[in-house]
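Geometric and topological summary
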Amino acid sequence: MTESMLSLVGVGKNFKEVEALTHVDLEIKSGQVIGLVGGNGAGKTTLLRLMAGVMEPTKGSVLFKGERVSSMRSKLGVVPESTGLYSRLTAWENIRYHSRIYGIEDQVAWNRVSHFAKQLDLTDSLSRHTKGFSRGMRQKTALLRALAHGPDILLLDEPTAGLDVTSARTVRKLVGQLRDEGGTVIYSTHHLAEAQQVCDRIVIVHNGTIRADGSPQELLELTNKNTLEEAYVSLTSDKARLRTEDDTKESKLAKWWRIFLTGKTPNSMEVGEDE
Amino acid sequence: MSKSWRFISTIAKKEIVEFVRDWRTLLALVVIPLLIFPALFIALPLLLESEAAELDALELEIIWQGDYNSDLEESFNDSNVKFTFEPLPANISNLSDIGDDLDRIRTLETQAIFRLQANDSEWMFAILYLSTSEASNEARSRVITAVGEWESDVVNGTLVEANLDPEVTLNPVKWDGDWESADAATKGEQAGLALSLFIPMVIAIWTASSAIQPSIDMTAGERERGTLEALLCLPCSRLELLAGKWLAVASITSAGVALQIGGLLFAITYLASSSIIGVPSVSFTSILLLLVAVVIFAVMVVAFELALAMKAHSVKEAGSLLGPAILFIIFPALFTQVINLDTVESWWFAIPLVNILLAMRELLLDRVIFEHVLVWLLSSLIYAGLAAWFAAKQFKREDLVASLS
């Protein structure tokens, strides 16, 4: 029987007055690959950050095996969209830096990394500085870094975005292998086909709410459609909002300066552009 | 090893390794601090000396216009000045009126023109020269020296003719003995006074300025490069992250300041061997308190700079914030130099930055005044605590997780 790993209960997240996520209930069980699918600004990254424990929910709770996830970060492996590699360090130094913070012996981390590096065809590049790495190599290194301490759950934020076909395939293959070995992976993407290929369960996120949650077959049955794309379109038919975090980025001072210099408020600028 | 220390030391080590792998950093934080004082105190005087020797060796040619005097000619010869005679120009209102000689001087056809006129019982003279030319200035200087010597001979001759002793007549009030031996301050104390005028300023300005680059790189730089989000996902707390980064910046800054002081001590040792300055005599207590003052200052400045840099939304914005912030160090550092330590009130030792700078000045003079120490120590600890609190507040911000790249 699969145990519950991560549970989100009545989770809401606000950025100042903007509601980024509204009443999210989600139960993640071990041994599953769950795809978070949604368009830009849907709330996938915010949801992943809440699951990673780097953000606190405004409402509700995010629990890892019954404990607050922010205190259980050592059990998670995270690959953010930006990969977050230090260019003046080698790939192995990047990995070792994180694994040391996780309290893993260098030799243990090396053995684990070597195993996965072979599959990702990255063994020869581990001693190279990551400055010259391609997007694919960076993504693979970030994956190795997230796996080095043997996490219970792997959180991947758009892991194949910007990758070439071969690299994307390698990453998907590794995720499949992790699932076969009983690992739990949460995989954010906006490619339905990829989600269908990799994930056991798809969670459709739209405008900060969960619109559907189930296996690809269950989603088709729920919407009475023939393809996942049609199912997705019918579930997300209302107009997508703007990226919620963008609204909060401009400081008050910058806003006043902009209005002073251009004489336009954001609304009047939009009207002007439309005209 | 405790868990927290493992986090802090791992973060600090990585930051230092990554930082020193940039050759520009090594240049800015190792080579420049190490060489700046030897360059200032050794190379610059040597250069000036060699330039002066070069000027001394110059054979200068001037034009002597007007009346002749054989004694003065002798003085000119002793000063290595060659001259050619000319009559005084007719159309000048006084000897300083350059008149038609303007072009000859401006084109350096001659380095200077010396004009002399006998007038009853006195001599009138003027030197025409070009102040923007070093050779012309040197010619003027040599002529003035020669004229001074000649004048002295003339005065002495007149006094002797009047049956007066030139020495007693011209110098009736004299210092008795060696003036240096009348100073109760030791050589070491004098050296301490000299150093107290610039060491606090150097430490303050260098600590603040050398912490800027690493502070920005490790905060706004991480956000901009998108590496901060991965770091925040690790199982260490934000305070441990701040402590690790603080330790890295403080280590890098301390290394820079230590190298600079090393260079300074080397320069002082060189100057001491030349008897220009002595080695300061400072007690063990003063040295210890000096170190405490520097450490508290570093805690405060580095925490404040990390906080400001973390508050910024980009490397560019962080640079714009921290660049002008250095003025808040430079101005107090300059003002502190003119405060009279003999009559300074205790409340001065409670003013942020000024307190540490004054403390360093006093300690370099080996003055350990309990009341002052208590005030600067307590107030500095409060300011350092406030800076750390401000930094912690910035590091706990939730929006840090959002990459700026």
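Let me begin by describing the structure that accompanies this report. (Residues numbered from 1 in each chain as written. Chains lettered and ligands numbered in written order. Predicted model: local features only at pLDDT ≥ 70, side-chain atom pairs only at ≥ 80, totals over all residues.)

Considerations on the overall build of chain A
Counting its secondary structure elements, chain A contains 11 helices and 10 strands. Taken over C-alpha atoms, the radius of gyration comes to 20 Å for chain A, in line with the 19 Å a tight globule of 275 residues would show. By its C-alpha atoms, chain A is 60 × 50 × 40 Å across when sized along the principal axes. By residue count, 42% of the 275 residues in chain A fall in the buried class. Residue pairs in contact within chain A that sit at least 24 positions apart in sequence constitute 70% of those at least 6 positions apart. (Helix = DSSP H or I, 4+ residues; strand = E, 2+ residues; numbered from the N terminus. Rg over C-alpha atoms; globule rule 2.2 N^0.38 Å. Buried ≥ 20, exposed ≤ 12 C-beta atoms within 10 Å, placed from the backbone. Contact = placed C-beta atoms within 7 Å.)

Focus on the overall build of chain B
Each helix and strand in chain B was counted, giving 16 helices and 4 strands. In terms of overall dimensions, chain B is more spread out than a globule: its C-alpha atoms have a radius of gyration of 31 Å, far above the 22 Å expected for 405 residues. The buried share of chain B, reckoned over its 405 residues, is 35%.

Thoughts on the interface of chain A and chain B
Facing the 21 residues of chain A at the interface are 22 residues of chain B. The set of elements that each furnish at least two residues to the side of chain A that touches chain B consists of helix H1 (44-52) and helix H2 (91-101) of chain A. Of the residues forming the side of chain A that touches chain B, the biggest block, 4 residues, is contributed by H2(A). Among the residues forming the side of chain A that touches chain B, the class breakdown is 11 nonpolar, 5 polar and 5 charged. (Nonpolar A, V, L, I, M, F, W, Y, C, P; charged D, E, K, R; others polar.)

As for the sheet that holds strand E1 (residues 60-66) of chain B
All names here are of chain B. Spatial strand order, E2-E1-E3-E4: 4 strands in an open sheet with mixed pairing. Strands at the two margins of the open sheet, each flanked by one partner only, are strand E2 (81-86) and strand E4 (122-128). Ignoring strand direction, the axes of neighbouring strands in this sheet form an average angle of 25°. By the bridge criterion, 6 bridges tie E1 to E2 in an arrangement that is parallel. The residue bridging Glu61 from the neighbouring strand is Lys82, located in E2. Helix-sheet contacts for helix H5 (residues 134-161) involve E1, E2, strand E3 (112-119) and E4, and the interaxial angle to E1 is about 55°. (Pairing = 2+ DSSP bridges. Axes fitted to C-alpha atoms, helices over the stretch in contact; angles between N-to-C directions.)

Here we look at helix H16 (residues 370-395) of chain B
Over its 26 residues, H16(B) extends 37 Å from the first C-alpha to the last, a length consistent with the 38 Å expected when each residue adds 1.5 Å. Among the residues making up H16(B), those that are buried are B:His372, B:Val375, B:Trp376, B:Ser380, B:Tyr383, B:Ala384, B:Ala387, B:Ala388, B:Ala391, B:Gln394 and B:Phe395. (Expected span 1.5 Å × (residues − 1).)

Considerations on the environment of B:Val401
Tracing the backbone shows B:Val401 in the segment after H16. Sequence separation between B:Val401 and B:Gly226 is 175 residues; the distance between their C-alpha atoms is 8.8 Å. If near-sequence neighbours (up to four positions away) are discounted, B:Val401 is found in contact with A:Arg49, A:Val54, A:Met55, B:Glu229 and B:Leu232.

Description of the packing of helix H4 (residues 135-147) of chain A against helix H5 (residues 165-180) of chain A
All names here are of chain A. Axis separation between H4 and H5 bottoms out at 10 Å; the angle between their running directions is 15°. Classed by the angle they form, the pair H4 and H5 counts as roughly parallel. Here the hand of the crossing between H4 and H5 comes out left-handed. The residues of H5 that touch H4, namely those facing Gly136, Gln139 and Leu143, are Ser167, Val171 and Leu174. When the residues that make up the contact of H4 with H5 are grouped by side-chain class, the tally is 3 nonpolar, 3 polar and no charged. (Parallel < 35°, antiparallel > 145°, perpendicular 65-115°, else oblique. Left-handed = near helix turned anticlockwise from the far one by under 90°.)

Regarding the packing of helix H12 (residues 284-311) of chain B against helix H15 (residues 354-364) of chain B
Residue and element names in this part refer to chain B. One can describe the packing of H12 onto H15 by two numbers: an axis separation of 9 Å at closest approach and a directional angle of 160°. In terms of their interaxial angle, H12 and H15 are classed as roughly antiparallel. Note on packing geometry: the crossing formed by H12 with H15 is left-handed. Counted together, Ser286, Leu289, Leu290, Ala293, Ile296 and Phe297 of H12 and Ile356, Ala359, Met360 and Leu363 of H15 form the full contact between these two elements. A class-by-class count of the residues in the contact of H12 with H15 yields 9 nonpolar, 1 polar and no charged.

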